[in-house]
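The chain contents come next:
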Amino acid sequence: MLLTIKQLQVKYGDQTALQINSPISFGKGERIGVIGSNGAGKTTLVKAILGLTNYDGRIITDLQPEQMAAHMQSNAYVTTMPIRRIMEMVLDTRVKENKELQELIDFFEFGNCLSKRFPALSGGQKQKFTIIMIMMQKAELTFYDEVTSGLDFETRQKLMEKMVEWYRGKEDSLVIVSHYYEELEQLADKILLLDRGRVVAFGRTDELFRTYCGDAIFILDNNRVNCSLTKEFRTLRSPNHLLAVSCRDREEEKRLLTILVNHRVNFKRSNSDIEIMSINARERFYAQGENR
Amino acid sequence: MKQKRCNWKMVLYELRNINGNFMTHFFGIVFPSMMTLIFSKTIGIQVPEAARDKVLVSIVLSMSLVIPMSIMFIGYGALYSQEVEHEVPLRMRLFGFRERNLLAAKIIAHMILMTAAFAIFAVFQMITMDIPKPAASSVICLLVSLYLIGIILLVIAHSLADIFRKFGITFGITMSVYFLLMVLTGMMGISTEQLPKALQKVAATLPMTYVSNDFADFWTGGSYNFMPFIQSLLFFGAIAGILLMYAQYRNRRT
């Protein structure tokens, strides 16, 4: 295990920002997606692991701070020189002498930005700049905290495609904090779901999906016809405009599929939808809490 | 990634960083030479011939103090407070740089710039002013004093930036302190003896007062009682140390 968290509590004044009671472990080579709404404790968790905030409890790891790399929500640099100079100092190398770095710069199509100063970069270019240096660190554990926040849809999509492509087939251990479910679906194989500083769910994405959603789900528009067609099936919690229908097994799935096709209903099938899984995990978490 | 130690690349980076700050160059290099020229042409010609050499030396010594005060205090304070405000030191820490290594690189880079500023200042004085040739020991004493004062001022500016964490506040405070120090230590044309008694006592705790007022006495050689000057240096250093400790306490993990 790279890291184990036991009985962690982070407080800001009187307010508990994060409370982890059951042990959580991050294994080597795992890609952990941390998800939750604002104030869930995602960034607090990253800061606690990086030693940037005080906490009670234990974070057990053999990793030294310099063996962890982190892309924080805000990453600022001096504005007095071209970013090539900053990059060369941080990485203790020279761009023209380092083939690996050149490859990464080309991969992110960043070459023409090197002579610019940091404030002259666009939002996406600023993120790429830090990502390139983070990737060059080759840390044992890398954190990406809201890498795409503040970026427009197209830039966000392109950046994520690049990151997914870069990490494909590699064995880097990642912790990816994001608001965007689709980003985690592409990058993470484990999910840590936080809400109001508590751990709602933690485990492999497919296992969590089976626990909270079943074998597969069908997502349809939420209207009277669709509700009527699917009334004999189990429906899950979902955003108001959608109807999420759960199937326990293949037989049930075939049956629902036949109905939907016969009635020419548009639908999306998924066995890894993190958004629906999160909504239902959260509901069950609080329902169990109320029962207790 | 290994933890980064202070190396020449970090020093070069800090030199480039300083190079991008116009205020450091103007106040640290142009301003002292310009002021020396103005004071020597205005005050210098008003004094009798017999006292002129000593007055000109005093002006040069006073203006040489502007170099560490501008580069290490005003310039550094302005540059570093902007970094702190934008959390650049945190970003560097996450890249494996320790604060003490970054501070060491900053001090070395600023000392290199200060050395260049002294050289330019000296050449400028040699060309434009006719002052007596100093004794080698006096030059060494002056340079050591100026470097020590400069390091202490840099630590104070660093601490103020870490305490207030805003460029505007830090710059306002360093500028106010800068002009206050200039008035108290006789660098603004008012000698320390002309100040009220209470302010004279305050001035006596500042090492700049001794450089500005007394160092002219042994410019061409001779003896001087360094004890009050050393005591003021220790006092000034202690203030810097206390401020640095307070800044670290304030910025401890919460």
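Residues numbered from 1 in each chain as written. Chains lettered and ligands numbered in written order. Predicted model: local features only at pLDDT ≥ 70, side-chain atom pairs only at ≥ 80, totals over all residues. Heavy atoms only, no water.

Description of the overall build of chain A
Here's step 1: For chain A, the helix and strand inventory stands at 10 helices and 14 strands.
Here's step 2: Structurally, chain A occupies a C-alpha span of about 65 × 45 × 30 Å along its principal axes.
Here's step 3: The 292 residues of chain A split such that 53% are buried.
Here's step 4: Sequence-distant contacts, at least 24 apart, represent 68% of the contacts inside chain A between residues at least 6 apart.
Here's step 5: Considering chain A, the positive charge centre built from 41 side chains and the negative charge centre built from 39 side chains are found 2 Å apart. (Helix = DSSP H or I, 4+ residues; strand = E, 2+ residues; numbered from the N terminus. Buried < 20%, exposed > 50% of the residue type's maximum accessible area, 1.4 Å probe, protein only. Contact = heavy atoms within 4.5 Å. Lys, Arg positive; Asp, Glu negative; His and termini not counted. Charge placed at Lys NZ, Arg CZ, Asp CG, Glu CD.)

Digging into the confidence of the model for chain B
Here's step 1: Looking at chain B as a whole, its pLDDT mean stands at 91, while 98% of the residues score no less than 70.
Here's step 2: When pLDDT is averaged over each helix and strand of chain B, the minimum, 89, is found for helix H2 (residues 22–42) of chain B and the maximum, 96, for helix H6 (residues 136–164) of chain B. (pLDDT = per-residue confidence, 0-100.)

A look at the nonpolar core
Here's step 1: Ranked by internal contacts, the top residues of the largest apolar core, which has 139 residues, are Met87(A), Phe110(A), Phe129(A) and Tyr144(A).
Here's step 2: The leading source of residues in this core is helix H3 (residues 49–85) of chain B, at 19 residues.
Here's step 3: Those residues in contact with Phe129(A) that lie beyond four places of it in its chain are Tyr77(A), Ile83(A), Ile86(A), Met87(A), Phe110(A), Phe118(A) and Leu121(A).
Here's step 4: Of all hydrophobic cores here, the second largest spans 30 residues; its members include Phe26(A), Ile49(A), Leu63(A) and Leu192(A). (Core = buried A, V, L, I, M, F, W, Y, C linked by side-chain atoms within 4.5 Å.)

Concerning empty space enclosed by the protein
Here's step 1: Under the criterion given, the structure shown has three cavities of 30 Å³ or more.
Here's step 2: In this structure, the largest cavity encloses a volume near 50 Å³.
Here's step 3: As for the largest cavity, its lining consists of Val78(A), Tyr13(B), Glu14(B), Asn17(B), Glu83(B), Val88(B), Pro89(B), Met92(B), Leu102(B) and Lys106(B).
Here's step 4: Among the secondary structure elements, those contributing two or more residues to the lining of the largest cavity are helix H1 (8–19), helix H4 (88–94) and helix H5 (99–128) of chain B.
Here's step 5: Looking at the lining of the largest cavity, its residues break down into six nonpolar, one polar and three charged. (1 Å grid on protein atoms, 1.4 Å probe; cavity = no way out; pocket = protein on both sides within 12 Å on 5 of 7 lines; lining within 4 Å. Points joined across faces, edges and corners; volume = space filled by probe spheres on them. Nonpolar A, V, L, I, M, F, W, Y, C, P; charged D, E, K, R; others polar.)

Focus: the sheet that holds strand E14 (residues 268–270) of chain A
Residues and elements named next belong to chain A.
Here's step 1: Pairing in this open sheet of four strands is antiparallel, and the strands run E12-E13-E11-E14 from one edge to the other. Edge positions in the sheet fall to strand E12 (234–236) and E14, since each has one partner strand and no second. Neighbour-to-neighbour, the strand axes of the sheet open up by a mean angle of 30°, direction not taken into account.
Here's step 2: Relative to strand E13 (residues 242–247), strand E11 (residues 216–221) runs antiparallel, the two sharing six bridges. (Pairing = 2+ DSSP bridges. Axes fitted to C-alpha atoms, helices over the stretch in contact; angles between N-to-C directions.)

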